[in-house]
Amino acid sequence: MIKVNEDYLKLPGSYLFSTIAKKVAAFSEANPDKKIIRLGIGDVTQPLCPAVIKALHSAVDEMAAAETFKGYAPDLGYAFLRDTIAEKVYKPLGADVAADEIFISDGAKSDSGNIQEIFAKDVKIAVCDPVYPVYVDTNVMAGRTGTYDESTGLWSNVIYMPCTADNGFAPEFPETVPDVIYLCFPNNPTGATITKDQLQGWVDYAVKNKAVIIYDAAYEAYISEDGVPHSIFECEGARDCAIEIRSFSKNAGFTGLRLGYTVIPKNLKNEEGASLHALWARRHGTKFNGAPYIVQKAGEAVYSEEGQKETREQIAYYMNNAKVIYEGLKNAGYSVSGGVNAPYIWLKTPDNMTSWEFFDHLLETANVVGTPGSGFGPSGEGYFRLTAFGSYENTVEAIKRIAEI
Ligand SMILES: *Cc1c(COP(=O)(O)O)cnc(C)c1O
């Protein structure tokens, strides 16, 4: 008998997006004349900007000459990119982050999934509900989440922090004190943000309780309002309790190129002096061979003057879609949130429909595909996610159809 990792077998059945794909395929087969518009995708659609393409081409050419050829990348990332991030991302925020505290990786999904490896097997994790599924599932794989309750959709050993309209989609301090707290703002799926004061409250809570916050800032580039923190390291005391995860996927369209990074302050240690920075460096050194040189050069180009201008334009394009969705739904009488500092619009399903009932209703009557909120956690029930990553034309058409149903 092949002995498999039993913890993997505990993961509940079908993945949200494969269920959606199956339903859409069945509808499309039965209704071949209908034009389906997909506003469920969490992937960018705009091509890479010229500054990035130029950097990719020239990095590829470097690989062709013996003097400039690059083999294995340094496993923590090239200094040119780590320095650029420290200088262009953190310094302007007044955040105290040094280049050697930045670990370059192939993306935020891997980092947010792998980071749990450096914590003890019995740590208690806390997550927002609804939540980006990677945080919980990777802890399930690591065997620390207890048992799954089919009827509630909750794991016995995970602390859930419901985020609903009642609390403005902002988590409240849990009754049981967690060891590791996952926060993601601007949030996927709700599109909600918290203020700098609220985030400072979480940092104070973590320091007081000797907990670690894993802060996923993948959507930082979409923040349009003042008073919304771009990094947890804007908060006082964050260097004693926080790890930040970032991605080039949503701010620069690298979903296919793959590039991200994680910041771990050097002074983040436990009481016995074990350094999380050192553990993560050890982990990278053992299990990761570095992001590709050409991709890191492309990442550097994002922070050039042209790169910043061009990626800002892409974000503005998506955020204009977000506005079309937000205002169109609002005018049609829907209760909506998000969409101001994030490419996600979170709406309350009408007539007390469940998330999946509304999914079917929208697919059948408007031929529009979105994502059922319940797929992100039990507190997402009765909500629905639409994304701003489609084309402007499709977005306008989809919202017109939804308003007419
Ligand atoms: C899209 C997304 C990421 C980015 O993942 P990559 O692996 O860098 O593409 C990370 N966290 C959240 C919450 C996301 O939605």
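Residues numbered from 1 in each chain as written. Predicted model: local features only at pLDDT ≥ 70, side-chain atom pairs only at ≥ 80, totals over all residues. Heavy atoms only, no water.

A.B. asks: Got a minute to help me understand the pattern of salt bridges in this structure?
C.D. replies: Side chains that carry opposite charge are capable of pairing whenever their charged atoms lie near each other. Under the definition given, this model contains 16 salt bridges. Across the pair Arg-283 and Glu-117 runs a salt bridge whose closest N-O atoms are separated by 3.2 Å. Of this pair, Arg-283 sits in helix 9 (residues 276-287) while Glu-117 is found in the loop between helix 5 (108-114) and strand 3 (125-129), placing the two residues 166 residues apart along the sequence. Look at Arg-283 and you get buried, because its relative accessible area is 13%. Taking the relative accessible area as the measure of exposure, Glu-117 reaches 33% and is therefore partly exposed. The shortest N-O distance in the salt bridge between Lys-210 and Glu-271 comes to 3.9 Å. Here Lys-210, found in the loop between helix 7 (196-209) and strand 8 (212-216), pairs with Glu-271, found in the loop between strand 10 (260-263) and helix 9; they are 61 residues apart in sequence, far enough to count as distant. (Salt bridge = Lys/Arg side-chain N within 4 Å of Asp/Glu carboxyl O. Helix = DSSP H or I, 4+ residues; strand = E, 2+ residues; numbered from the N terminus. Buried < 20%, exposed > 50% of the residue type's maximum accessible area, 1.4 Å probe, protein only.)

A.B. asks: Looking at this structure, I do not really get the nonpolar core. What am I missing?
C.D. replies: Inside soluble globular proteins, nonpolar side chains tend to come together where they are buried. Within the largest apolar cluster, 93 residues are counted, with the highest numbers of intra-cluster contacts made by Ile-85, Tyr-90, Leu-183, Tyr-261 and Leu-329. Per-element tally for this core: the top contributor is helix 11 (residues 305-331), with six residues. Each residue touching Tyr-90, except ones within four places of it in the same chain, is listed here: Ile-85, Ala-95, Val-97, Ile-102, Ser-231, Phe-233, Glu-244, Arg-246, Tyr-261 and Val-263. (Core = buried A, V, L, I, M, F, W, Y, C linked by side-chain atoms within 4.5 Å. Contact = heavy atoms within 4.5 Å.)

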